[in-house]
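# Breakdown of the fold
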Amino acid sequence: MDLLALNDFTLVARHGGFGRAARAAGRPKATLSRRVSDLEVALNLRLFERGRRDLKLTEEGRALFERARALLMELEETTAAIASGSERVRGRLRISAPLLFSQTAMGRLAAEFARLHPEVRLDVSTDDRAVDMIEEGYDLVIRVNPAPDATLVGRPFLHDRLVVAAGPDVAQVDDEAVPAVVRGDDQARSWTVGTAQSAREIAIDPVLRLSSLIMIRDAVRYGAGAARLPLSLVSRDIAAGRLAHWGDVVGSDIALWALYPSRRLLNARVSAFLALLRQSFPQGAPAELAAYLDP
């Protein structure tokens, strides 16, 4: 494949037209048009739908653009690093992380990463949904118990589990539902705690529905009822006697994964952030995340 033609294609796609791309790059419009046409012939694919005024990527063109843009950026960075003999990490790093991890740990991680790599511009977005890394332009995503995805690779870097916790004044009464604080979409009427071999049911009466685990933890601290919460979020309160531990929720193991596209070279920025995660959570234990709440 002609890399120059591929580079010209990404230039046109990024600027949304031959004229704008030509002006931005200081290149003849006719040259860019010919290069893109040659690439379409070589691939036997139509990459753009050409109207009188508009230029729109086809589905195949969009897929090629997303992948080629990342690969060409990697190639440019690699050749620049080799030419200069530099090992410095630089450029932009976009990360998507879930809400609770962002609230508890990402601020401190981001500050440490900025200190270690001042030439990287870190951009972190908080989102509990499974973002499309390619379409939305992320370099790395952090997900909780992700479903298998053939387009992504990575590893778990942190483990946690759910426990039932309540204020010391909230009583467990046999055969009576306990007041519970739950997430807004939680329809459970009971919780199973203990172990797979020895479990018991706790009937619940949802008295509060809140959308954030931080809010739920705070409501439980103030005596609103019991709740299912990550151990990392309440372990300090349990140790200090501010909350009582009623048991571990059966089958509630949580794994946080750092994922990146498998069809893309692992760039130096992603490698550097993965190294920081390994350094920050060497055992991947709930206590290591809990330490971020009360450093």
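Our structure is the block above this text.
One structure accompanies this document, and this report is about it. (Residues numbered from 1 in each chain as written. Predicted model: local features only at pLDDT ≥ 70, side-chain atom pairs only at ≥ 80, totals over all residues. Heavy atoms only, no water.)

### Focus: the overall build of the protein chain
From N to C terminus, the protein chain includes 10 helices and 11 strands. The C-alpha atoms of the protein chain give 25 Å as radius of gyration, which overshoots the globular expectation for 295 residues (19 Å, by more than 25%). In terms of overall dimensions, the protein chain has a C-alpha envelope of 80 × 45 × 35 Å along the principal axes. Counting over 295 residues, the protein chain shows a buried share of 41%. With the model as given, the accessible surface of the protein chain reaches about 16100 Å², and the carbon-plus-sulfur share is 51%. Side chains of the protein chain give 39 positive and 38 negative charges; the mean places of these two sets differ by 9 Å. (Helix = DSSP H or I, 4+ residues; strand = E, 2+ residues; numbered from the N terminus. Rg over C-alpha atoms; globule rule 2.2 N^0.38 Å. Buried < 20%, exposed > 50% of the residue type's maximum accessible area, 1.4 Å probe, protein only. Areas by Shrake-Rupley, 256 points an atom, 1.4 Å probe, with all protein chains shown as cover. Lys, Arg positive; Asp, Glu negative; His and termini not counted. Charge placed at Lys NZ, Arg CZ, Asp CG, Glu CD.)

### Topic: unusual backbone geometry
In this structure, Asn44 is a non-glycine residue whose phi angle is positive, near 60 degrees. Considering the arrangement of structural elements, one finds Asn44 in the loop between helix H3 (29–43) and strand E1 (48–50). Look at Asn44 and you get exposed, because its relative accessible area is 70%. We note that Asn145 has phi near 45 degrees; this positive angle belongs to a residue other than glycine. Mapped onto the elements, Asn145 comes out in the loop between strand E5 (140–144) and strand E6 (152–166).

### Some remarks on the nonpolar core
Among the nonpolar cores identified, the biggest contains 27 residues, and Phe101, Leu109, Phe157, Phe273 and Phe281 are the most heavily contacted of them. Ignoring anything within four residues of it in the chain, the contact list for Phe273 reads Leu93, Ile95, Met106, Phe113, Leu140 and Ile142. Among the nonpolar cores identified, the runner-up in size contains 19 residues, and Ala13, Ala21, Val36 and Leu55 belong to it. (Core = buried A, V, L, I, M, F, W, Y, C linked by side-chain atoms within 4.5 Å. Contact = heavy atoms within 4.5 Å.)

### Quick notes on the packing of helix H8 (residues 231–240) against helix H10 (residues 286–293)
Direction vectors running N to C along H8 and H10 enclose 70 degrees, while the axes themselves pass 8 Å from each other. Considering their axes alone, H8 and H10 lie roughly perpendicular with respect to each other. Residues Leu231, Ser232, Leu233, Ser235 and Arg236 of H8 touch H10, and the partners they reach there are Pro286, Leu289, Ala290, Ala291 and Leu293. Taken together, the residues of the contact of H8 with H10 sort by class into 7 nonpolar, 2 polar and 1 charged. (Axes fitted to C-alpha atoms, helices over the stretch in contact; angles between N-to-C directions. Parallel < 35°, antiparallel > 145°, perpendicular 65-115°, else oblique. Nonpolar A, V, L, I, M, F, W, Y, C, P; charged D, E, K, R; others polar.)

### Things to note about the pattern of salt bridges
Charged atoms that come close allow side chains of opposite charge to pair. Under the definition given, this model contains 13 salt bridges. Here the salt bridges share partners, and the residues they tie into one network are Arg217, Asp218, Arg221, Asp237 and Arg242. (Salt bridge = Lys/Arg side-chain N within 4 Å of Asp/Glu carboxyl O.)

### Considerations on helix H9 (residues 268–280)
Here H9 contains 13 residues, and its C-alpha end-to-end distance of 18 Å stays within 8% of the 18 Å for a straight helix at 1.5 Å per residue. Buried within H9 we find Arg269, Val270, Ala272, Phe273, Leu274, Leu276, Leu277 and Ser280. (Expected span 1.5 Å × (residues − 1).)

### Section: the environment of Asp8
On the secondary structure map, Asp8 appears in helix H1 (residues 3–15). Along the backbone, Asp8 and Thr31 are 23 residues apart, and their C-alpha atoms lie at a distance of 9.2 Å. Looking at Asp8, its side chain comes within polar contact range of the side chain of Arg27, at 3.1 Å. (Polar contact = N/O pair within 3.5 Å; in protein donor to acceptor, adjacent residues only side chain to side chain.)

### What to know about the layout of surface pockets
As a volume, the largest pocket reaches approximately 790 Å³. For the largest pocket, the lining is made up of 38 residues, of which Leu100, Val144, Arg183, Leu213 and Ile254 are closest to its centre. Counting residues per element, the lining of the largest pocket draws most heavily on helix H5 (residues 99–116), at 5 residues. A per-class count over the lining of the largest pocket returns 23 nonpolar, 7 polar and 8 charged. (1 Å grid on protein atoms, 1.4 Å probe; cavity = no way out; pocket = protein on both sides within 12 Å on 5 of 7 lines; lining within 4 Å. Points joined across faces, edges and corners; volume = space filled by probe spheres on them.)

### Things to note about the packing of aromatic side chains
Applying the stated criterion across every chain, the model contains 7 aromatic pairs. Summarising the aromatic geometry, the rings of Phe157 and Phe281 are spaced 5.9 Å apart at their centres and angled 40 degrees between planes, so their arrangement reads as tilted. One end of the pair, Phe157, is in strand E6; the other, Phe281, is in the loop between H9 and H10, with 124 residues separating them in the sequence. The same class applies to Phe157 and to Phe281, which are both buried. What links up through ring pairs into an aromatic cluster is the set Phe101, Phe157, Phe281 and Tyr292. Sitting over the ring of Tyr138, Arg94 keeps its end group 4.2 Å from the ring centre. (Phe/Tyr/Trp six-rings, centres within 6.5 Å; stacked < 30°, edge-to-face > 60°. Lys NZ or Arg CZ within 6 Å of the ring centre and 35° of its normal.)

### Re the packing of helix H7 (residues 213–221) against H8
Viewed as axis vectors pointing N to C, H7 and H8 meet at an angle of 20 degrees, and their least axial separation amounts to 11 Å. In terms of orientation, H7 lies roughly parallel with respect to H8. Crossing handedness for the pair H7 and H8: right-handed. Facing H7, whose interface residues are Leu213, Ile214, Arg217 and Arg221, H8 presents Leu233, Val234 and Asp237. (Left-handed = near helix turned anticlockwise from the far one by under 90°.)

In short, the description is geometric, and any link to function would need to be established separately.
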